[in-house]
Amino acid sequence: MPSIYSILEVIIIKVEQADVLIIGSGGAGLRCALELFDHNVDVLVVGKCKKRDAHTILATGGINAALGTMDPQDSWQLHAADTLRDGGQINDPYAVVTLCKHAPRAIQELVSWGAHFHREQDGRITQRFFGAATYRRACFIGDHTGREILNTLVDQVAKRNIRFKSEIYIFSLLQDRGRVYGAVGLDVRRGKFIVFHAKIVVLVTGGHSRMFSRSSSRFWENTGDGIALAYACGAKFMDMEMFQFHPTGMLYPKEAEGVLVTEAVRGEGGILLNSKGERFMRRYDPERLELSARDIVARAIYHEVQAGRGTKHGGVWLDITHKPKEYILQRLPKMYAQFQHFLGIDISREHMEVGPTAHYSMGGVWVNHKTGETSVNRLYAIGEVTSGVHGANRLGGNSLAEIIVFGRLTGATIAKCVKQLSWIPLNKLSLATQIAKFKTKLQIKRGKNPVHIKKELMQVMWDHVGVVRDGKTMKQALRLLERFKKMPLKSGGSLKMNEQLIAALDVANMLPTCEMIIRSALHRKESRGAHYRSDFPTLLARWKKNILCIPMQKGFRIATRPVPSVPNEIRPFLRRNTAAVHLLE
Ligand SMILES: Cc1cc2nc3c(=O)[nH]c(=O)nc-3n(C[C@H](O)[C@H](O)[C@H](O)COP(=O)(O)OP(=O)(O)OC[C@H]3O[C@@H](n4cnc5c(N)ncnc54)[C@H](O)[C@@H]3O)c2cc1C
């Protein structure tokens, strides 16, 4: 009889060791890795996607920083006030201040590493409007800002020879007496397990917009992996009900459903029309019109469609045809190509048909933004997987700023403490148990096809917990979730390039993520920011608090906490009526 250890040796390719393991190779992970390396820390980055293909490349419109190149009146305090106001004032004020103070430096860093931001003829970095921003604050590179930023970071990582492993699906964290000390993943190409041994683990796995059937992310990402990994370790979560539905996603063909139509189209002067040709935003936000906050525009579209003023595919029209074709090609090249590619439409001549799409997770793992620490010992988190920065709604352009700012700051904090930490020895028995658990739970030969179940689950979330929510429908979703939890999923067979196995892993990650979203959304009996309940349609002062999911022996419980107070330096800016200065260029 071979021993459990010799079995392990056959199915594990190797054990990789590094002081710091970064799970996620998007902007947050790479920026953190650079900081650690520059502080002489041994770091390893692992991602389940290909090297230059993390979700960050999808970011289109821009990255916010109060540089004041176009509007010198802008300041980091105004940026902070806009962020708090749009966030329904449940953001963590410390995180917001840090973001806004450090964002200009993030742009300088990216420029120094070779990012080619769009510039005016006199060399100033061009900045454009994004929804709910007082001044032009979004720096951009055409409409492929995320791609340029990610490539810039990957180039810097390559220049430093930082260890980087792609296409590894991490499915479990290693923990010893509450301390995290590594992770186990599946090398998807080779069909072997791989073990990562580290002193500190940084979770940078991005958001969870793929809980919903119409989403601006791709089918294989944003499946809540980081949430599930942290959940299994007993981490605390915050504001899970807060999910941003971007107002403008494509509606058809099927393979393009949910694909983002960047806010930059509206920033560049695009207007929204219903099927009667009315500029309906005049009814919902007469001051800011199309550049109102994302939640307001998304709900306005939802209501227009409900009222029978929608287009054939259940959306509205977005019109930029009043701008010259050369201008569109220069400022919105990706959008031009996207509509050509999917529909053969020339957006300089024809309207785009658009509707809301699940876009951004404001809620996530709770972190102490002073350090990047989660509530679990030796587990840190940065970027879209976390909560706090954006509160109840995210300003467009703030996420790219967040991943660069907090990537650097968290890297610097870890660099200060990691050397003093001792190694926790690898526990072979616990490893064997994790892999055995994986095999029993995820290698079942009979059951439902997980690819289909994943789609069904996403549809339940879109139909029951989407743009407009109510208690009765969400309770139905919870009941359906219980059924999904009990379903055996058929994912047996090869460990190598097995689509069903990957989908089964995704579903396993989605279930706790969905449950925390629904239970938190049921608990918040008001409407605030992106969370809109038709049975509680008003914002209530008593709900100005954060909702927490606190781990229990089994499952979690819901709790609330008061929002920390806003620093005095920001208060006067919050009171100011900024609508008057919010003009299109
Ligand atoms: C279409 C679109 C347009 C956007 N436009 C803008 C914009 O203009 N401005 C802006 O500020 N923001 C924008 N955003 C949001 C922004 O792109 C993201 O919030 C940001 O890039 C998140 O970065 P991240 O590093 O936190 O995560 P990600 O870039 O999502 O990276 C997550 C990483 O984790 C890895 N990972 C996940 N699970 C696992 C696992 N189990 N095992 C191993 N690795 C794993 C992934 O492979 C990936 O490498 C946009 C988003 C979309 C979808």
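**Q** Which residues make up the domain arrangement of the protein, and what are the values?
**A** Each assigned domain of the protein is listed with its residue range as follows: domain 1 (10-243 + 359-418) and domain 2 (244-358). Contact with domain 1, which involves 27 residues of that partner, is made by 29 residues of domain 2. Three residues, Asp143, Arg214 and His359, lead the burial of domain 1 against domain 2; their summed loss comes to 31% of the area buried on that side. With a shortest N-O distance of 2.7 Å, glutamate 268 and arginine 128 are connected by a salt bridge. Counting every contact that joins domain 1 to domain 2 gives 17 residue pairs in polar contact (both at pLDDT 80 or more). By residue class, the composition of the side of domain 1 that touches domain 2 is 10 nonpolar, 12 polar and 5 charged.

**Q** Please provide a residue-by-residue account of the sheet that holds strand β13 (residues 316-319), values included.
**A** Spatially, the 4 strands line up as an open sheet ordered β11-β14-β13-β12, and their pairing is antiparallel. Only two strands of the sheet have a single neighbouring strand rather than two, namely β11 (243-250) and β12 (271-273). Strand-to-strand twist of the sheet, defined as the mean angle between neighbouring strand axes without regard to direction, takes the value 45°. Sheet analysis places β12 next to β13, joined by 3 bridges and oriented antiparallel.

**Q** Before we move on, can you summarise the pairing of strand β18 (residues 556-562) with the specific residues and values?
**A** Here strand β17 (residues 545-551) pairs with β18 via 7 bridges, running antiparallel. When the bridges of β18 are listed, leucine 548 appears paired with alanine 559. Between β17 and β18, which pair antiparallel in sequence order, lie 4 residues; one of them, glycine 555, sits at a positive phi of approximately 75°.

**Q** Describe in detail the nonpolar core, supporting the description with residues and values.
**A** Core analysis: the largest hydrophobic core is formed by 78 residues, its most contacted members being Leu21, Ile23, Leu173, Phe237, Phe438 and Ile518. The element best represented in this core is helix α16 (residues 499-523), accounting for 12 residues. Setting aside chain neighbours within four positions, we find isoleucine 518 in contact with Met461, Val465, Met474, Ala477, Leu478 and Leu481. One finds Leu30, Val157, Val204 and Tyr380 within the second-largest nonpolar core, a separate group that totals 60 residues.

**Q** How would you sum up unusual backbone geometry? Please name residues and give values.
**A** For the peptide bond that leads from tyrosine 252 to proline 253, omega is -5°, which places it in the cis range. Following the sequence through the fold, proline 253 ends up in the loop between β11 and α7 (264-267). Phi angles above zero are rare outside glycine, and glutamate 167 is one such case at about 55°. Counting through the fold element by element, glutamate 167 comes out in the loop between β6 (163-165) and β7 (168-176). Of the residues examined, glutamate 167 reaches a relative accessible area of 18% and is grouped as buried.

**Q** Got a sec to walk through the site of the ligand? Specific residues and values, please.
**A** For the ligand, the set of nearby residues contains 36 residues, the closest of which are Thr56, Gly62, Glu384, Ser399 and Leu400. Between the ligand and lysine 48, the relevant distance is 3.0 Å, taken from a nitrogen atom to a main-chain nitrogen or oxygen of the residue. Aspartate 225 has a polar side-chain atom sitting 2.8 Å from a nitrogen atom of the ligand. About the coverage of the ligand: the protein hides 97% of its 1000 Å² of free accessible area. The set of elements that each furnish at least two residues to the shell around the ligand consists of α2 (27-38), β7, β14 (352-361) and α12 (398-418). Looking at the shell around the ligand element by element, the count peaks at 4 residues for α12.

About the criteria used
- Residues numbered from 1 in each chain as written.
- Predicted model: local features only at pLDDT ≥ 70, side-chain atom pairs only at ≥ 80, totals over all residues.
- Heavy atoms only, no water.
- Domains from an automatic or database assignment.
- Contact = heavy atoms within 4.5 Å.
- Buried area = accessible area lost by both parts, 1.4 Å probe.
- Salt bridge = Lys/Arg side-chain N within 4 Å of Asp/Glu carboxyl O.
- Polar contact = N/O pair within 3.5 Å; in protein donor to acceptor, adjacent residues only side chain to side chain.
- Nonpolar A, V, L, I, M, F, W, Y, C, P; charged D, E, K, R; others polar.
- Pairing = 2+ DSSP bridges.
- Helix = DSSP H or I, 4+ residues; strand = E, 2+ residues; numbered from the N terminus.
- Axes fitted to C-alpha atoms, helices over the stretch in contact; angles between N-to-C directions.
- Core = buried A, V, L, I, M, F, W, Y, C linked by side-chain atoms within 4.5 Å.
- Buried < 20%, exposed > 50% of the residue type's maximum accessible area, 1.4 Å probe, protein only.
- Near = heavy atom within 4 Å.
- Areas by Shrake-Rupley, 256 points an atom, 1.4 Å probe, with all protein chains shown as cover.

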